[in-house]
Amino acid sequence: MDALYCLPCYLFSKKPIGCPESDAFISTGFNNWKKVKDGMNCPLIRHEGKEPNSPHKIAVKCCKDLKNYSRHIDKLIEKQTSKELDNNRLRLKTSIECARWLAFQACAFRGHDESLDSKNRGNFIELIKFTSTFNDKVASVVLENAPGNAKYTSPTIQKEILHILASNVRNAIREEIGDAKFCILVDEARDESKREQMAIILRFVDKEGFIKERFFYVVHVRDTTALTLKNKICAVLSRYNLHIENIRGQGYDGASNMRGEWNGLQALFLKDCPYAYYRNDELQHAQAEQVENMIASNEIETGRGANQIGTLQRAGDTRWGSHFQSICSLIKMFDATCKVINSISEEGANYKQRSDAEGAYQLRDDGWEPLLASVISFCEQHEIDTPDMNARYTKGRGRYRRQDDDLTMEHHFRIGIFTVAIDFQLQELKSRFCELTTELVILSSALNPKDAFRLFKIVDICNLVKKYYPQDFTEHERELLESQLQHYELDVIKHPDFQNISTISELCRGLKISGKSKIYFLIDRLIRLVLTFPVSTATTERAFSAMKLLKTRLRNTMEDELLADNMIVYIEKEIAGNFTIEMIMDEFYSMKNRRQACFDPVDDPT
């Protein structure tokens, strides 16, 4: 067109194109080239204008702004939204950290008065306040500095955070189990509000060969009938895709009035899974059976208030009389106590527990006579009233004699107590374990590496698989197992790295570390099955100790689900501590269905 146009003015001039008043540089184009060299009268110079706010210069500024993308409206809105997102995430992160810390310490979350004027707004809010004193960035976005509908401190938000943590812990335990067989350990107790709570523990061997006992759930049961207990357990297991047919052991503990229910429960599970072998480890139960046997053999008398089922009595710190009562309770429950201690020394949860139990059990072999004689002498010196003992023994010639038959104390304890105690233990073993379970234990001992595999017998191991684990080995695998055992006997049993191990659990771990678990995969499978057999109820005791800490008199209205979530996060804090804040925040976002741009505070109860 042989004409000149001004692009800034074309884009940003307020004069409409085609209007007579519009500049030639916008509408028709400038082509009067003769006037270009007319000094200050040049149309180009006049178009630019001398004033700083001339239409052309304003158009040029607008054009520069257009090229500055960071100043565009959408970018400014995005920047503002991004800041809001960062603030919301920082608030939520602070709430998650505080909730997890309180759960790990078994502390209450809520306060009686959480208003702004309260001197104590509860542990959760007070901990957020305390955290903000060390971080100005946190202080600028939490509590009163947060939007009224996005504080992330409401009771509902606290429960959601805790539930996410608890669910992740259970999922992690489920992943640990994988396809392995497992054992259920179950116990029942009343909480502070007198509600019956049933704890469920899972015992299994993980992929690395470690024995694990994980607290999994605590569930309220309206009644303690065997069918109700079974339905509750099945509901929990099925929720996490744990199949009943994979149960290879059952362990129950509880008060004597629950014995029938536990027996009924184990029978119900045996119907669904005949290989869920049963054992009940309970000191009081052992004593009860001992008393029944003694009554049947007319060795003790019956009567009102006599032969009550008790427990070991702890000695007091300052009252010496309590030490005497502790010894008396130990004598009363001697054989049951020895049996439990011996069991712990063999199959304790860890090395320290086994070592302590073995040391305590050795005192029995060293002789109790000097200990008991010193207790009697001590009580006399301090004028402690011990009528039962004083009535039976009198002091003379440096030893104690029975008043009725003049037998020495040595004769009484060696013949009258220890010999009888051995008989009691044998009777108790027969009554405590059915023939099926006893044979299972005996055959399993062939795998025990103690004393350089002294008990190893290929025949017993093959019989163990054939009789007790037929569902876990095909006929071809049972034939192959015998061949593996022959090579295993020449390889593993003679190997120097396996000479100093003393438990089946150590053997399982040793096979995994050495890589021999892949070579002798059938033997490794059998060892893992044997290790699922329940040997203790230490984890259930730990569970109810946690329940007493969490559900106190001041917190007796705690909901069942909240109690279960609190307990698993507190007991399995080692697992719960592995989850990153980002993982929890992402799940929180997914659960609440918030927009990804920023956690939409509209549905936040705060």
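Computed from a prediction, not measured in an experiment: that's the story for all the values here. (Residues numbered from 1 in each chain as written. Predicted model: local features only at pLDDT ≥ 70, side-chain atom pairs only at ≥ 80, totals over all residues. Heavy atoms only, no water.)

A. Molecular detail of the nonpolar core. Of all hydrophobic cores here, the largest spans 80 residues; its most connected members are I184, L202, F215, I233, F269, M567 and V569. Counting residues per element, this core draws most heavily on helix α7 (residues 155-177), at 9 residues. Within the second largest apolar cluster, 34 residues are counted, among which are L485, V492, I501 and L531. (Core = buried A, V, L, I, M, F, W, Y, C linked by side-chain atoms within 4.5 Å. Buried < 20%, exposed > 50% of the residue type's maximum accessible area, 1.4 Å probe, protein only. Helix = DSSP H or I, 4+ residues; strand = E, 2+ residues; numbered from the N terminus.)

B. Structural context of unusual backbone geometry. You will see that L143, though not glycine, has its phi angle at about 50°, which is positive. As for its position among the elements, L143 is in the loop between α6 (136-139) and α7. A relative accessible area of 7% places L143 in the buried class. With a phi angle near 60°, Y152 is a residue other than glycine that sits in the positive phi range. Locating Y152 in the fold gives a position in the loop between α6 and α7. Here Y152 falls in the buried class, since its relative accessible area comes to 0%.

C. The packing of helix α20 (residues 475-491) against helix α23 (residues 521-531), seen in detail. Close contact between α20 and α23 brings their axes to 8 Å; oriented N to C, the two are set at 100°. One way to sum up the angle between α20 and α23 is to call them roughly perpendicular. Facing α20, whose interface residues are E477, L480, L481, Q484, L485 and Y488, α23 presents F521, L522, I523 and R525. A class-by-class count of the residues in the contact of α20 with α23 yields 7 nonpolar, 1 polar and 2 charged. (Axes fitted to C-alpha atoms, helices over the stretch in contact; angles between N-to-C directions. Parallel < 35°, antiparallel > 145°, perpendicular 65-115°, else oblique. Contact = heavy atoms within 4.5 Å. Nonpolar A, V, L, I, M, F, W, Y, C, P; charged D, E, K, R; others polar.)

D. A look at the side chain of D191. Mapping D191 onto the fold places it in the loop between β1 (182-190) and β2 (196-205). Look at D191 and you get buried, because its relative accessible area is 4%. At 2.9 Å, the side chain of D191 and the backbone nitrogen of R195 are in polar contact. Within the local environment of D191, its side chain forms a polar contact with the side chain of Q197, the two groups lying 2.9 Å apart. Aside from chain neighbours lying at most four places away, what touches D191 is Q197, M547, K551 and L563. (Polar contact = N/O pair within 3.5 Å; in protein donor to acceptor, adjacent residues only side chain to side chain.)

E. Structural view of the pattern of salt bridges. Evaluation of the coordinates by the stated rule reveals 20 salt bridges. Its salt-bridge partner being D565, residue R170 comes within 3.4 Å of it at the nearest N-O pair. Here the residue R170 occupies a position in helix α7, and D565 occupies one in helix α25 (residues 560-571), the gap between them amounting to 395 residues. R170 sits in the buried class, given a relative accessible area of 1%. Residue class for D565 comes out buried when judged on its relative accessible area of 4%. If you follow the salt bridges from partner to partner, you end up with E176, D206, K212, R214 and E572 in one network. (Salt bridge = Lys/Arg side-chain N within 4 Å of Asp/Glu carboxyl O.)

F. Expanded view of the pairing of β2. Within β2, 10 of the 10 residues are buried, which leaves the element mostly enclosed by the surrounding structure. In terms of strand pairing, β1 meets β2 through 9 bridges, oriented antiparallel. Its bridge partner lying in β2, A189 is registered against Q197. Count of turn residues in the β1/β2 antiparallel hairpin: 5 residues, of which K194 carries a positive phi of about 65°. Summarising the sheet, β2 and strand β3 (residues 211-220) pair through 9 bridges and their orientation is antiparallel. (Pairing = 2+ DSSP bridges.)

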